[in-house]
Amino acid sequence: MKRLDKLLSGKKILIMGAANKRSIAWGCAQSMLDNGAELIFTYQNERLKKSLNRLVQDEDRLIECDVSSDESIEKAFGQVADRFGKIDGIVHAIAFAKKEELAGDIMNSSREGYALAQNISAYSLIAVAKYGIKILNDPASIVTLTYFGSERAIPNYNVMGVAKAALEANVRYLARDMAKYGVRVNAISAGAVKTLAVTGVKDHGDLLRLSRERTVDGESVTTEQIGGAASFLVSDLSTGVVGDVIYVDKGVHLI
Ligand SMILES: NC(=O)c1ccc[n+]([C@@H]2O[C@H](COP(=O)([O-])OP(=O)(O)OC[C@H]3O[C@@H](n4cnc5c(N)ncnc54)[C@H](O)[C@@H]3O)[C@@H](O)[C@H]2O)c1
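Residues numbered from 1 in each chain as written. Predicted model: local features only at pLDDT ≥ 70, side-chain atom pairs only at ≥ 80, totals over all residues. Heavy atoms only, no water.

By the naming in an unreviewed UniProt entry, the protein goes by Enoyl-[acyl-carrier-protein] reductase [NADH] and is assigned to Liquorilactobacillus uvarum DSM 19971. The UniProt entry for the protein carries the following comment under Catalytic activity (unreviewed entry): "a 2,3-saturated acyl-[ACP] + NAD(+) = a (2E)-enoyl-[ACP] + NADH + H(+)". (UniProt positions renumbered as here; feature names shortened; annotations may be inferred.)

Chemist: Can you walk me through the environment of L167 in this structure?
Modeler: In this fold, L167 is placed in helix α5 (residues 158–178). For L167, a relative accessible area of 0% gives the class buried. Beyond its immediate stretch of four places on either side in the chain, L167 contacts H92, S121, A122, L125, T144, L145 and T146. (Helix = DSSP H or I, 4+ residues; strand = E, 2+ residues; numbered from the N terminus. Buried < 20%, exposed > 50% of the residue type's maximum accessible area, 1.4 Å probe, protein only. Contact = heavy atoms within 4.5 Å.)

Chemist: Looking at this structure, I do not really get a nonpolar patch on the surface. What am I missing?
Modeler: There is a patch of nonpolar side chains on the surface, built from L7, F232 and L237 and spanning about 270 Å² of accessible area. Mapped onto the elements of the fold, L237 is located in the loop between α7 (223–234) and β7 (245–248). (Patch = residues over 30% accessible without salt bridge, like charges linked within 9 Å, V, L, I, M, F, W, Y side chains within 5 Å. Areas by Shrake-Rupley, 256 points an atom, 1.4 Å probe, with all protein chains shown as cover. Salt bridge = Lys/Arg side-chain N within 4 Å of Asp/Glu carboxyl O.)

Chemist: Could you clarify how one ought to interpret the pairing of strand β4 (residues 87–92) in this entry?
Modeler: Along any regular strand the residues' side chains alternate between the sheet's two faces. For β4, the tally of buried residues reaches six of six residues, placing the bulk of the element in the interior. The sheet contact formed by strand β1 (residues 12–16) and β4 spans four bridges and is parallel. Residue pairing across strands places M16 opposite H92, the latter belonging to β4. Examined bridge by bridge, β4 and strand β5 (residues 136–146) share five bridges and lie parallel to one another. The residue of β5 that forms the bridge with G89 is S141. This β-α-β element, β4 to helix α4 (residues 111–132) to β5, shows right-handed connectivity. (Pairing = 2+ DSSP bridges. Right-handed = clockwise from strand over helix to strand, strands pointing away.)

Chemist: Would you mind going over the site of the ligand with me for this structure?
Modeler: The ligand sits among 27 residues. The nearest are S23, I24, K164, V193 and T195. One of the side-chain N or O atoms of Q44 is found 2.8 Å from an oxygen atom in the ligand. At 2.8 Å from an oxygen atom of the ligand is found a side-chain nitrogen or oxygen belonging to K164. Relative to its free-state accessible area of 820 Å², the ligand is covered by the protein chains to the extent of 94%. Mapping the ligand onto the cavity grids shows that it belongs to the largest pocket. (Near = heavy atom within 4 Å. Polar contact = N/O pair within 3.5 Å; in protein donor to acceptor, adjacent residues only side chain to side chain. 1 Å grid on protein atoms, 1.4 Å probe; cavity = no way out; pocket = protein on both sides within 12 Å on 5 of 7 lines; lining within 4 Å. Sits in = over half its atoms within 2 Å of the grid points.)

Here it is in structure tokens:
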């Protein structure tokens, strides 16, 4: 029998949502590389490709995918299969809402802004799973990223909190329905970290400070720590974890 000496040796993982070195997706990528995985990355558009290119130079491993379009997802996953064959996992670290929707009272959210947040931040997981069936091995694992604003009314988080609640429900329904393909689906509820996405939330400085103060040791969770849990969830150590939301927030949700 071939001896595999690292947790993720022999596993090919698709990382969706690495915009720069602060991205949670990049923390996941670092941990997975350390654990022996082979990685492929998707980027949203040419602008984000330039940014990702500073971190990943191998052009073959960079594939465009805008999750607002089924055609884009199908094409991207076709390219993944052509270049790398079947894969063993997908990290979905993607969310979006317009800045004006991430401020003030939720009564002022627009129909369009609400729908857009749902489309990019929650529905996209279903679309990724749907096209993912064709390129995922049996067994395989999908991991998405959520936030505590799905359960509590966090100031200004508004439509994104509602989208995260939908995302977590999607995880449960997908976990049920993807099981017949040997695919597990789980979410990590990450503590607040300063990324590009967070800066869209009004008064995000307060959100980050409050979140840091509520961790058990007064230090914010790091993207590396979130990545560690993501590595566990795509690994064979977590085959019993199905349709779950795992907190990686250093205890913020406890208080
Ligand atoms: N930063 C936090 O405090 C925090 C906490 C918990 C959960 N999360 C979640 O983690 C995930 C990653 O966000 P992040 O904080 O690392 O920020 P980030 O800005 O680094 O990453 C967000 C990514 O989403 C991508 N994206 C947006 N719209 C897209 C589209 N239409 N098609 C394809 N990609 C698209 C962006 O290109 C970017 O790469 C998000 O789901 C976010 O809600 C973040």
